[in-house]
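# Summary of structural features
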Amino acid sequence: AQKITQTQPGMFVQEKEAVTLDCTYDTSDPSYGLFWYKQPSSGEMIFLIYQGSYDQQNATEGRYSLNFQKARKSANLVISASQLGDSAMYFCAMREGETSYDKVIFGPGTSLSVIP
Amino acid sequence: DAGVTQSPTHLIKTRGQQVTLRCSPKSGHDTVSWYQQALGQGPQFIFQYYEEEERQRGNFPDRFSGHQFPNYSSELNVNALLLGDSALYLCASRLKWGDEQYFGPGTRLTVT
């Protein structure tokens, strides 16, 4: 069963506008972590933001914020004031459990294109 | 502060051959994970190493094996290469109890 769903294969946004990338997840483990990564055409996976399942507040990192709705099992990424350099693939990922021997499961990704 | 490094950058191998990919974790990190990313897909977890032992494994055959050295660096070995093994292989490191996992630039393997 698909554990991470990203329903938007491709998205376009005007420069300086905000954009929301959707992510839903499936887990029965009460302890988990959610990640967003950016992958430019160069291939390197860049860590953006992390949200723990017990965190009370939504995570924020500069222009990135994570809209965490636990009951709906969604963890959408919001990018404010889009820049041309934000054009890339964006992956939502989840780590289940609290042990150090856990694995991270990635979604299929969303391709974001920022239009000048 | 050096990030995660991987070598080689690109590699071309023939079906049936064996390959070894290398990874040096970010300074201070002790846990290394390997991922396979086929073109147009998200990364798939291969396995994770901590204290020189494989701690977690994804759905990959035994042809995929690895090793972690005392300095925390790691190798990924793939035997009897298949055309379907062509992919970007990503190495990631983190602290044992850390949340943030940092990735290297990847090794692009092409099997012909």
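To be clear, the structure that these remarks concern was listed above.
The text that follows walks through the structure, step by step, so that each part is easy to find. Worth saying up front: this structure is predicted, and the values here are computed from it rather than measured.

## Notes on the packing of aromatic side chains
A complete count under the given rule lists 15 aromatic pairs over all chains for this structure. When the centroid spacing of 5.1 Å and the interplanar angle of 85 degrees are considered together, the rings of A:Tyr37 and B:Phe103 count as edge-to-face. Highlighted residues: A:Tyr37 in strand E5 (residues 32–39) and B:Phe103 in strand E10 (residues 102–103), drawn from two different chains. Residue classification places A:Tyr37 among the buried positions, given a relative accessible area of 0%. A residue is classified by how much of its surface remains accessible, and B:Phe103, at 4% relative accessible area, is buried. Taking 5.1 Å as the distance between ring centres and 65 degrees as the angle between the ring planes, the aromatic pair formed by B:Phe60 and B:Phe64 counts as edge-to-face.

## Some words on the interface of chain A and chain B
In this assembly, 20 residues from chain A lie in contact with 25 residues from chain B. The contact between chain A and chain B buries some 1800 Å² in all, and 54% of this surface belongs to carbon and sulfur atoms. The interface formed by chain A and chain B contains zero salt bridges. Applying the counting criterion to the chain A and chain B interface returns two residue pairs in polar contact (both at pLDDT 80 or more). For the side of chain A that touches chain B, the secondary structure elements donating two or more residues are E5, strand E6 (46–52), strand E10 (88–96) and strand E11 (104–106) of chain A.

## Description of the environment of B:Leu88
Take B:Leu88: it is sitting in strand E9 (residues 87–94). The exposure class assigned to B:Leu88 is buried, which follows from its relative accessible area of 5%. When the C-alpha atoms of B:Leu88 and B:Ser33 are compared, they prove to be 14 Å apart, with 55 residues separating the residues in sequence. Contact partners of B:Leu88, with chain neighbours within four places excluded, come to A:Gln39, A:Gly43, B:Tyr35, B:Gln36, B:Gln37, B:Pro105, B:Gly106, B:Thr107 and B:Arg108.

## Examining the side chain of A:Gln39
In this fold, A:Gln39 is placed in strand E5. Overall, A:Gln39 belongs to the buried group, its relative accessible area being 8%. Within the structure, A:Gln39 has its side chain in polar contact with the backbone oxygen of A:Gly43 (distance 2.7 Å). Those residues in contact with A:Gln39 that sit more than four places away from it in its chain are A:Glu44, A:Met45, A:Ala88, A:Met89, A:Phe91, B:Gln37, B:Leu88 and B:Leu90.

## Points about the state of the cysteines
In protein chemistry, a disulfide is the covalent bond that joins the sulfur atoms of two cysteines. The full count for this structure, using the stated rule, is two disulfides over all chains. Across the disulfide from A:Cys23 sits A:Cys92; the S-S distance is 2.0 Å. Taking the torsion about the S-S bond as the criterion, the A:Cys23 to A:Cys92 disulfide, at about -65 degrees, is left-handed. Placement of the pair is A:Cys23 in the loop between strand E3 (19–21) and strand E4 (24–25) and A:Cys92 in strand E10, with a sequence separation of 69 residues. We note that A:Cys23, like A:Cys92, is buried. Paired through a disulfide, B:Cys23 and B:Cys91 show a sulfur-sulfur distance of 1.8 Å. Across the disulfide from B:Cys23 to B:Cys91, rotation about the S-S bond amounts to roughly -60 degrees, and the bridge is consequently left-handed. A residue pair is termed long-range when its members are at least 10 positions apart, and B:Cys23 in strand E3 (residues 19–24) and B:Cys91 in strand E9 qualify at 68 residues.

## Some words on the pattern of salt bridges
On inspection of all chains with the given rule, the structure shows eight salt bridges over all chains. Residue A:Lys73 is joined to A:Asp26 by a salt bridge in which the shortest nitrogen-to-oxygen separation is 3.9 Å. Taken together, the residues span a long stretch of sequence, with A:Lys73 in the loop between strand E8 (64–69) and strand E9 (74–79) and A:Asp26 in the loop between E4 and E5 at a distance of 47 residues. Since its relative accessible area comes to 30%, A:Lys73 is described here as partly exposed. Take A:Asp26: its relative accessible area is 38%, and that puts it in the partly exposed class. For the salt bridge of B:Asp85 with B:Arg63, the shortest nitrogen-to-oxygen distance reads 2.9 Å. Here B:Asp85, found in the loop between strand E8 (74–78) and E9, pairs with B:Arg63, found in the loop between strand E6 (53–57) and strand E7 (64–68); they are 22 residues apart in sequence, far enough to count as distant. The same class applies to B:Asp85 and to B:Arg63, which are both buried.

Thresholds, definitions, all that
Per-chain numbering applies: the sequence of each chain, read as written, is numbered from 1 onward. Chains and ligands are labelled by the order in which they are written, letters from A for the one and numbers from 1 for the other. Side-chain atom pairs in this predicted model are given and counted only at pLDDT of 80 or more, local residue features only at pLDDT of at least 70, and totals for whole chains, interfaces and linings cover all residues. The side-chain values count all of the structure's non-hydrogen atoms but skip hydrogen atoms and water molecules. Only rings of Phe, Tyr and Trp enter the pairing, Trp through its six-membered ring, and a pair is recorded when the two centres are within 6.5 Å. The plane angle decides the type: under 30 degrees is stacked, over 60 is edge-to-face, the rest tilted. A run of H or I in DSSP becomes a helix once it reaches four residues, and a run of E becomes a strand once it reaches two; helices and strands are each numbered from the N terminus. Throughout, exposure labels follow a simple rule: accessible area from a 1.4 Å probe, protein chains only, divided by the maximum for the residue type, with under 20% read as buried, over 50% as exposed, and the rest as partly exposed. Residues count as neighbours in contact if any of their non-hydrogen atoms are within 4.5 Å of one another. By convention, the term buried area covers the 1.4 Å-probe accessible surface removed from two parts as they join, with the contributions of both added. The salt bridge criterion pairs a side-chain nitrogen of Lys or Arg with a carboxyl oxygen of Asp or Glu, the two atoms within 4 Å. Polar contact criterion, stated in full: a pair of N or O atoms within 3.5 Å, where within protein one must be able to donate a hydrogen and the other to accept it, and residues adjacent in sequence count only if both atoms are side-chain atoms. Counting rule for disulfides: a pair of cysteine sulfur atoms within 2.5 Å.

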